[in-house]
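Given next are the chains, with one letter for each unit.
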Amino acid sequence: MSLPGWAQASPERRAHIARVVALLNSWADALHVDANERDRWLRAGWLHDALRDAPFADWFAHGPAAADRAAATGERDPGVLAAVRHHTVGSASWDDVGRMLYLADFLEPGRDFAAADRAELAQRVPAERDTVLREVARRRLEWVLRSGWPLPQQSVDFWNQLVRP
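Our subject in this report is the structure included herewith.

About the thresholds
- Residues numbered from 1 in each chain as written.
- Predicted model: local features only at pLDDT ≥ 70, side-chain atom pairs only at ≥ 80, totals over all residues.
- Heavy atoms only, no water.
- Helix = DSSP H or I, 4+ residues; strand = E, 2+ residues; numbered from the N terminus.
- Buried < 20%, exposed > 50% of the residue type's maximum accessible area, 1.4 Å probe, protein only.
- Contact = heavy atoms within 4.5 Å.
- Lys, Arg positive; Asp, Glu negative; His and termini not counted.
- Charge placed at Lys NZ, Arg CZ, Asp CG, Glu CD.
- Polar contact = N/O pair within 3.5 Å; in protein donor to acceptor, adjacent residues only side chain to side chain.
- 1 Å grid on protein atoms, 1.4 Å probe; cavity = no way out; pocket = protein on both sides within 12 Å on 5 of 7 lines; lining within 4 Å.
- Points joined across faces, edges and corners; volume = space filled by probe spheres on them.
- Nonpolar A, V, L, I, M, F, W, Y, C, P; charged D, E, K, R; others polar.
- Phe/Tyr/Trp six-rings, centres within 6.5 Å; stacked < 30°, edge-to-face > 60°.
- Core = buried A, V, L, I, M, F, W, Y, C linked by side-chain atoms within 4.5 Å.
- Axes fitted to C-alpha atoms, helices over the stretch in contact; angles between N-to-C directions.
- Left-handed = near helix turned anticlockwise from the far one by under 90°.

## Re the overall build of the protein
Then comes step 1: What the protein contains, in helices and strands, is seven helices and zero strands.
Then comes step 2: Tracing the protein from N to C terminus, the helices and strands come up as α-α-α-α-α-α-α.
Then comes step 3: Residues classed as buried in the protein amount to 47% of the 165 residues present.
Then comes step 4: Within the protein, counting contacts between residues at least 6 apart in sequence, those at least 24 apart form 63% of the total.
Then comes step 5: Looking at the protein, you have 21 positive and 23 negative side-chain charges, and the mean spots of the two groups are 2 Å apart.

## Examining the side chain of Ser155
Then comes step 1: Relative to the assigned elements, Ser155 resides in helix 7 (residues 153–163).
Then comes step 2: Of the polar contacts made by the side chain of Ser155, one reaches the backbone oxygen of Val89; its length is 2.7 Å.
Then comes step 3: Look past the residues within four positions of Ser155 in its chain and what remains in contact with it is Val89 and Leu141.

## Quick notes on the layout of surface pockets
Then comes step 1: Taken as a whole, the largest pocket spans an internal volume of roughly 660 Å³.
Then comes step 2: Of all the elements in the fold, those that place two or more residues in the lining of the largest pocket are helix 1 (11–31), helix 5 (96–107), helix 6 (115–147) and helix 7.
Then comes step 3: Looking at side-chain class alone, the lining of the largest pocket contains 16 nonpolar, five polar and nine charged residues.

## Brief notes about the packing of aromatic side chains
Then comes step 1: Counted by the stated rule, this structure contains six aromatic pairs.
Then comes step 2: With a centroid separation of 5.2 Å and 75° between ring planes, the pair formed by Trp94 and Phe158 is classed as edge-to-face. In this pair, Trp94 sits in the loop between helix 4 (78–86) and helix 5 while Phe158 sits in helix 7, placing the two residues 64 residues apart along the sequence. Each member of the pair, Trp94 as well as Phe158, carries the same accessibility label: buried.

## Let's talk about unusual backbone geometry
Then comes step 1: Residue His32 is not a glycine yet carries a positive backbone phi of 55°.
Then comes step 2: Counting through the fold element by element, His32 comes out in the loop between helix 1 and helix 2 (35–47).
Then comes step 3: Although it is not a glycine, Ala114 sits at a positive phi angle of roughly 45°.

## Quick look at helix 3 (residues 62–72)
It helps to recall that an α-helix has 3.6 residues per turn; residues three or four apart then point in one direction.
Then comes step 1: The set of residues buried in helix 3 consists of His62, Gly63, Ala65, Ala66, Ala67 and Ala70.
Then comes step 2: With its phi angle positive at about 120°, Gly74 sits one or two positions after the end of helix 3.

## Looking at the nonpolar core
Burial of nonpolar side chains together is a common tendency in soluble globular proteins.
Then comes step 1: Among the nonpolar cores identified, the biggest contains 45 residues, and Leu24, Trp27, Leu103 and Leu107 are the most heavily contacted of them.
Then comes step 2: Residue assignment for this core shows that the elements contributing at least two residues are helix 1, helix 2, helix 3, helix 4, helix 5, helix 6 and helix 7.
Then comes step 3: A total of eight residues in this core trace back to one element, the largest contributor, which is helix 5.
Then comes step 4: Ignoring any residue separated from it by four or fewer positions in sequence, one finds Leu24 in contact with Trp41, Leu42, Gly45, Met100, Leu101 and Ala104.

## Remarks on the packing of helix 1 against helix 6
Then comes step 1: Here helix 1 crosses helix 6 at 35°, and the two axes come no closer than 9 Å. Once helix 1 is placed against helix 6, the crossing between them reads as right-handed. Taking contact as the criterion, the partners of Leu23, Trp27, Ala30 and Leu31 in helix 1 are, on helix 6, Ala122, Val125 and Pro126.
Then comes step 2: Among the residues making up the contact of helix 1 with helix 6, the classes are represented as seven nonpolar, no polar and no charged.

If you want it as structure tokens, here you go:
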């Protein structure tokens, strides 16, 4: 798979998407996931920001719009669609594809903040996925709080699901 023809993504966004897919692929190798699961992860990676540069009034709209467009053009896997739909806020109902996409979107090496720290976290994913996932979710929630924005209830539910014993 590659970026769908209906994508609205700048060259920079396309490079981000390719790095997310490469990171997902490397984790699939390290974790020895089966071919079907690897394909699910990669499809979600290609789709997650396919409409990121479309003119939406709401910044969070690109995920749901990409999931809807993917479904309309043949994607049938509910886990892939949920991963794409909620990749910016998290979802307590995700299976592995959503969790891995959430990690890869944050940890891909082209982002320009805390590069060394994020690279170390990315290396830890195959051995400590759940620990790294909690750390990434915590950092994303802290960023929203520092920005002065309201926490989406879905993000709170995701966090609570991650930290419950």
